[in-house]
Amino acid sequence: MANPAQACQCLPHQNLCCCGTLNGISVAQPLCQTLPDGSVVNNPAYVASLNRSYWTYKFITDCAQATRGISGIGIPICAEINPGNITVEEQVDGCGPFSPAAFELIKTDPNFGTAPNGTVFLKIESSGRYDKGVCVVYRIGIIGNYPEAAQPISVKAATAVYKFGCSGCYVVPGCVPDGRLLVSKSCLVSIVSNQAALQYSVHVDNVGEGALSQVFYEDTIVLPPQLSAGAVTVSPPLDVDASVPGRIVISGQLGAIEAGGRVTVTYSIPITGISAPGAYSIANLARAYASGTESTAACVAGLEAVRLRAVKCCQTDGSTGSFVFTLGGVGNSPDVVVDVYDRLRIPAGVTLRFPSFVGCEAYYAGTSTPVPAGADLAGPLDLDVICRNVLVPLGGSFMKTLSYTLVSSSAVGAAAVTNAVTAVTPLNLGSIVYQGTDGLPASAAIDVRLSQDCATPCL
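Each value, and the rule that gives it
Residues numbered from 1 in each chain as written. Predicted model: local features only at pLDDT ≥ 70, side-chain atom pairs only at ≥ 80, totals over all residues. Heavy atoms only, no water. Buried < 20%, exposed > 50% of the residue type's maximum accessible area, 1.4 Å probe, protein only. Helix = DSSP H or I, 4+ residues; strand = E, 2+ residues; numbered from the N terminus. Pairing = 2+ DSSP bridges. Core = buried A, V, L, I, M, F, W, Y, C linked by side-chain atoms within 4.5 Å. Contact = heavy atoms within 4.5 Å. 1 Å grid on protein atoms, 1.4 Å probe; cavity = no way out; pocket = protein on both sides within 12 Å on 5 of 7 lines; lining within 4 Å. Points joined across faces, edges and corners; volume = space filled by probe spheres on them.

Participant: Is there a simple way to think about the pairing of strand S38 (residues 442-448) in this case?
Facilitator: Remember that side chains alternate between the two faces of the sheet whenever the strand is regular. With 5 of 7 residues buried, S38 lies mostly within the body of the structure. Relative to S38, strand S36 (residues 415-426) is paired through 7 bridges, and the arrangement is antiparallel. Across the sheet, the residue bridging to Val417 is Ile446, located in S38. Pairing of S38 with strand S39 (residues 452-454) involves 3 bridges; the strand directions are antiparallel. Directly across from Ile446, in S39, lies its bridge partner Cys454.

Shown next, in the form of structure tokens:
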């Protein structure tokens, strides 16, 4: 098996395998490799926290006139590895980060021939991304851990095919002689029409060379007490036990899995109730087992529920009137970004001037015509004010003050300038459950006479 990942020193540089040059092309397997998180470890290496092994290879082409650039690479790997469990990344001449590279698994290739017994070629084509005078590094990540096997690596350059291999080289992912289970899974929360559901996809692979006659499966999902779940949908059909509050157990038999075979288990769990806003983590642990082998995989799905509260009040100071709007989260509502929609009404006989709209947009009501700041606005007139991309932080609030100058009033008695928040719309409705905004419409009014009186004073 690949050794557990441990810190490795790149200098002095050492190779695990380097079998010499063929017509200007060399293949090396360095002793150290860089993982996606930037750590430098042994090559190959198994990272237990990710349940993933990494295998790195280096291809070097000189600048000689007779040298031809690499067009294809064939690395033998265990034939029982499912392609869905493999990632291939490429870095050309150390230029920039690693990038995903396309690959295919093929038993018999028209250029490389037939892969060694029990293996397939992991085939990568350069597709014109590089030619000569270059060093290209390929990092292969595979879910699970595999025995180290020695196999030659094939390289195609123009019409020639070269096979690189010497004693004990190169180290590639080999096969387990008997049947062996590997569980990998993904989990997420889908939100459609403000209804949340937990979605799980679990792959149960037999990555060994022997068949497994009977495979058993069990997964336990733990729900926070604030969440309620509905009927669970499972494919293929398995037993669902939700008798213990806050715990759902899915279990049953998956039957036989042949060498290299895969069974995919999916389930959907609707969330039918959320008693309080907050950010929730739903943990689970899946386990598959058969005679002589077992494997587990865990994941955590995150669900955010947001509830807000809106308050509007007003202030006056001589000829200046101000509407103050506060929007805060209820309880443990997580950060959320919203658009706030506001309606301001100027009564007949009253003329106001807004020096600015404090970073918000203002339109004549029901139109897309903007209202200019600093203009005299004579009533009766309605304005739509929209404040976009407003952040309401966890444990905090957003506050905005919209002020105007009273230019004139010919109204008999009192005339009210009113301002009301009519709607609050989160921008990420596809990733949160929105439980609404308390206090809508949040409104305030300033009575205009010969003087101004605030009818909804700030506390």
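Participant: Looking at this model, I keep getting lost on the nonpolar core. Mind explaining?
Facilitator: The tendency in soluble globular proteins is for nonpolar side chains to be buried side by side. In this structure, Phe59, Ile75 and Tyr138 are the most contacted members of the largest nonpolar core, which totals 40 residues. Among all residues touching Phe59, those that are not within four sequence positions of it are Ser26, Val27, Ile70, Ile73, Ile75, Val134, Cys135, Val136, Tyr138, Ile153 and Val155.

Participant: For this particular structure, what's the right way to read empty space enclosed by the protein?
Facilitator: To find the voids left in a structure, one rolls a probe of water-molecule size over its atoms. Following the criterion strictly, the structure yields 1 cavity of 30 Å³ or more and no others. In this structure, the largest cavity spans a volume of roughly 110 Å³. Lining of the largest cavity is provided by 14 residues; of these, Lys312, Asp342, Cys387, Lys400 and Leu402 occupy positions nearest its centre. Looking at the lining of the largest cavity, the elements that each hand over two or more residues are strand S29 (320-329), strand S30 (336-346), strand S34 (381-392) and strand S35 (397-409). Looking at the lining of the largest cavity element by element, the count peaks at 3 residues for S35.

Remember, this is a structural readout, not a statement about activity or role.
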